[in-house]
Amino acid sequence: AKYLQFWLAALQQGVQVAAQTKGQLARDPDNYDEDLRFYQDTLCEGLLQGYVGIVHGLKAAEKTSPGAVDALLQHPAGVQGGCLLVMQTLADDEDKSEAVLKAAVSLIGDLADTYGPKVAADLQHHAVLSLVAQAKDSTFHETIEMAAWAAARLQP
């Protein structure tokens, strides 16, 4: 947790760039920019994987430093100011890649599994539920399995 604030600050900047890029893609749908789309998907997948890595790292640190796992909840760029913002950016993005969708539901499941009731209300956000529903409707078996796992973790 020593460097958490720096990692979260970097991720938060990435979330802001992702929101801006989404805006650029939406402003001019007739001039579809494949490079910008690829950049957006790569950025979002990296952001989601970054948050997953932080959750896993804090969960591992909990064994030797009780309370470490809660550091993400206490930081403004943690769950609400980071994870949920990237999910809001992605929920209504119809062109996101399968890898991005799978990474999003992976993060949702990890948050629910790690924090349970502490984030239950946050994980009932329409963007979160929409991403899980989209993943359940995927044509990719791994994404469907990940969605089922995440949905099971969201149950009280």
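Chains are numbered independently. Their residues run from 1 in the order of the written sequence. Selection of residues for local features in this predicted model requires a pLDDT of at least 70, selection of side-chain atom pairs for listing and counting requires 80 or more, and totals for whole chains, interfaces and linings are taken over all residues. Side-chain measures here rest on the full set of heavy atoms in the structure, leaving out hydrogens and waters.

## So, the side chain of Asp110
In this fold, Asp110 is placed in helix H5 (residues 98-115). Engagement of the side chain of Asp110 in a polar contact is seen with the side chain of His56, the distance being 2.9 Å. The contact criterion used throughout is that any non-hydrogen atoms of two residues lie within 4.5 Å. In contact with Asp110, other than residues within four places in its own chain, are Val52, Val55, His56 and Trp149. Numbered from the N terminus, helices here are DSSP runs of H or I no shorter than four residues, and strands are runs of E no shorter than two. Throughout this description, a polar contact denotes any pair of N or O atoms lying within 3.5 Å of each other; where both atoms belong to protein, one of them has to be capable of donating a hydrogen while the other can accept it, and for residues adjacent in sequence the pair is counted only when both atoms sit in side chains.

## Examining the packing of H5 against helix H7 (residues 141-154)
The geometry of H5 relative to H7 is characterised by a closest axis approach of 8 Å and an angle of 25° between their N-to-C directions. When the axis of H5 is compared with that of H7, the two are roughly parallel. Note that H5 runs across H7; the crossing there is left-handed. Counted together, Glu98, Leu101, Lys102, Val105, Ser106, Ile108, Gly109, Asp110, Ala112 and Asp113 of H5 and Glu142, Thr143, Met146, Ala147, Trp149, Ala150, Arg153 and Leu154 of H7 form the full contact between these two elements. Think of it as three bins: nonpolar holds Ala, Val, Leu, Ile, Met, Phe, Trp, Tyr, Cys and Pro, charged holds Asp, Glu, Lys and Arg, and polar takes everything else, Gly as well. Among the residues making up the contact of H5 with H7, the classes are represented as 9 nonpolar, 3 polar and 6 charged. In this description, a line fitted to the C-alpha atoms serves as the axis of each element, helices being fitted only across the stretch in contact, and the angle between N-to-C directions of two axes falls anywhere from 0 to 180 degrees. When an angle is under 35 degrees it counts as roughly parallel; over 145 it counts as roughly antiparallel; between 65 and 115 it counts as roughly perpendicular; any other value is oblique. Rotating anticlockwise by less than a right angle from the far helix to the near helix defines a left-handed crossing, while the corresponding clockwise rotation defines a right-handed one.

## Focus on the environment of Leu73
Within the secondary structure layout, Leu73 lies in helix H3 (residues 71-74). The class of Leu73 is partly exposed, set by a relative accessible area of 28%. With 45 residues separating them in the primary sequence, Leu73 and Lys118 have C-alpha atoms 8.4 Å apart. Relative accessibility thresholds used throughout: buried, under 20% of the residue-type maximum; exposed, over 50%; partly exposed, between the two (1.4 Å probe, protein chains only).

## Here's the deal with the layout of surface pockets
Cavities and pockets are found on a 1 Å grid laid over the protein atoms alone: a cavity is a set of points where a 1.4 Å probe fits but cannot escape, a pocket is an open set with protein on both sides within 12 Å along at least five of seven lines, and a lining residue has an atom within 4 Å of such a point. Grid points are joined across faces, edges and corners, and a volume is the space filled by probe spheres set on the points. Counted as a void, the largest pocket has a volume near 220 Å³. Take the lining of the largest pocket: its biggest share by element is 3 residues, from helix H1 (residues 4-27). Within the lining of the largest pocket, the residues separate by chemical class into 4 nonpolar, no polar and 6 charged.

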